[in-house]
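In case you want the letters, here they are:
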Amino acid sequence: MIKKPFVTKEQIEEITKNYPTPFHIYDEKGIRENARRLKQAFSWNPGFREYFAVKATPNPFILKILQEEGCGVDCSSLTELMMSDACGFSGSDIMFSSNVTPAEDFQLAKKLGAYINLDDFTHIDFLEKVAGLPETICCRYNPGGKFQIANKIMDNPGDAKYGFTKEQIIEGYGILMKKGVKHFGLHAFLASNTTSNAYYPELARILFELAVELKEKTGADIRFINLSGGVGIAYRPEEEGSDILAIGEGVRKAYEEVLVPAGMGDVAIFTELGRFMLAPYGMLITKAVHEKHTYKEYIGVDACAANLMRPAMYGAYHHITVLGKENSPCDHKYDVTGGLCENNDKFAIDRMLPKIDMGDYLAIHDAGAHGFAMGYNYNGKLRSAELLLKEDGSVQMIRRAETPADYFATFDFTGLFDKK
Ligand SMILES: *Cc1c(COP(=O)(O)O)cnc(C)c1O
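Everything numeric here is computed off the predicted structure, so don't read it as measured data.

Right, let's talk about the pattern of salt bridges for a bit. The full count for this structure, using the stated rule, is 27 salt bridges. Ionic pairing is found between Lys 3 and Asp 366, a salt bridge with its closest N-O pair at 2.7 Å. Of this pair, Lys 3 sits in the segment before α1 (9-15) while Asp 366 sits in the loop between β17 (361-364) and β18 (385-389), and the two are 363 residues apart along the sequence. Side by side, Lys 3 and Asp 366 carry an identical accessibility label, which is buried. Put simply, Arg 36 and Glu 69 hold a salt bridge, and the shortest N to O gap is 2.8 Å.

All right, on to the domain arrangement of the chain then. By a widely used convention, the size of an interface equals the accessible area lost when the partners come together. Here the chain is partitioned into domain 1 (28-276) and domain 2 (280-408). The centre of domain 1, based on its C-alpha atoms, is set 32 Å off from the matching centre of domain 2. Of the roughly 1900 Å² buried between domain 1 and domain 2, counting both surfaces, carbon and sulfur atoms make up 57%. One can count 1 salt bridge joining domain 1 with domain 2. Notably, a salt bridge pairs Arg 32 with Glu 391, separated by 3.5 Å at the nearest N-O pair. The interface formed by domain 1 and domain 2 holds 9 residue pairs in polar contact (both at pLDDT 80 or more) in total.

Turning next to the packing of aromatic side chains. Each aromatic ring pair is summarised here by two numbers: the centre-to-centre distance and the angle between the ring planes. One pass over the full model with this rule turns up 15 aromatic pairs. Residues Tyr 115 and Phe 270 carry aromatic rings whose centres are separated by 5.9 Å and whose planes lie at 35° to one another, so their mutual orientation is tilted. Taken together, the residues span a long stretch of sequence, with Tyr 115 in strand β5 (residues 115-118) and Phe 270 in strand β11 (residues 268-271) at a distance of 155 residues. Grouping residues by exposure puts Tyr 115 and Phe 270 together as buried.

So, how was this worked out
- Residues numbered from 1 in each chain as written.
- Predicted model: local features only at pLDDT ≥ 70, side-chain atom pairs only at ≥ 80, totals over all residues.
- Heavy atoms only, no water.
- Salt bridge = Lys/Arg side-chain N within 4 Å of Asp/Glu carboxyl O.
- Helix = DSSP H or I, 4+ residues; strand = E, 2+ residues; numbered from the N terminus.
- Buried < 20%, exposed > 50% of the residue type's maximum accessible area, 1.4 Å probe, protein only.
- Domains from an automatic or database assignment.
- Buried area = accessible area lost by both parts, 1.4 Å probe.
- Polar contact = N/O pair within 3.5 Å; in protein donor to acceptor, adjacent residues only side chain to side chain.
- Phe/Tyr/Trp six-rings, centres within 6.5 Å; stacked < 30°, edge-to-face > 60°.

Structure below.
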């Protein structure tokens, strides 16, 4: 698959007249079309709903677009709940899937009427004490051990901090019912960024079988099964991305084989996708500002790991297009670096790219999820703006860039910056 940026060099030259690089830019059309494909893939399930994982791209303008496409939100913290509330999400529009949860977070989730997804057995008492138990509650399951698909280890739930064990979830449902909880959800997240179309169907089968067992053992009224996030995307051009229609079909099969015969054919399927919803529809645009020829060839750009942490943190691959040179041969080998005093601040290592000239714009692909959101201020670097390429081709700033005043704002109590 050829990775084609959703903006041209000419568009970026126009945009940079108003908004200097670096910035993140999102593609409204791509976001909407993808959200509609997801909905179509699960249209066999009348109760289906995607709860967008806010942590992936916490921007109210993005949340509004997804809201218009019928999505709810999946929150994991107080500020994500506040942002969702401000965007008009309420009650069953909100899933609250947190862990190591502070009391005030549970209190706000309860006040907003969100679905609360408990991460742990001990959270039953904690939630009851700090906020009271709602009528509907979801529990997060961790099957332990290794999670395999077709003999390939996908991830290691036994090492993951999340969720109840099976014994705990059975006991937990019973306790919750005694305490007056009327309806239940079931959730698990077993592998991240999976590009196997078998992931969701396998996970679904595990949860469906557990749901049947829970119903038999406790009599609980299970209303929804939340497949969480984890559906991946093709970061590399040679990778195959997820086929969401095939994934939806695989989940339907498991549903009909496990839930329907158990008389549970009315259970709603929920998802909490982040990466799949946004990653391909956001890019980090940066400008080549320095070149360096030492033991290697370096291109220094005006963005750094503080704008997109994944390459530095996980060694993640992000495809790079040199705008205007889409058809030039990739006959130069570069390390593309940011300016942090950290040698892992490299967007690409030994990457074959067209010859880069100073002033060239580089589009770093698939930065729309877990991109800006993981930004930080190390080395006093400031967060960039976020822009939205709208369906009509116009560009809207949906978050301004930080200024030094933002960086210093938390020092204001000292009066240090009042003196001249
Ligand atoms: C991070 C997260 C998601 C979203 O994960 P993606 O890999 O972006 O799809 C969903 N649910 C929970 C509980 C998460 O922590």
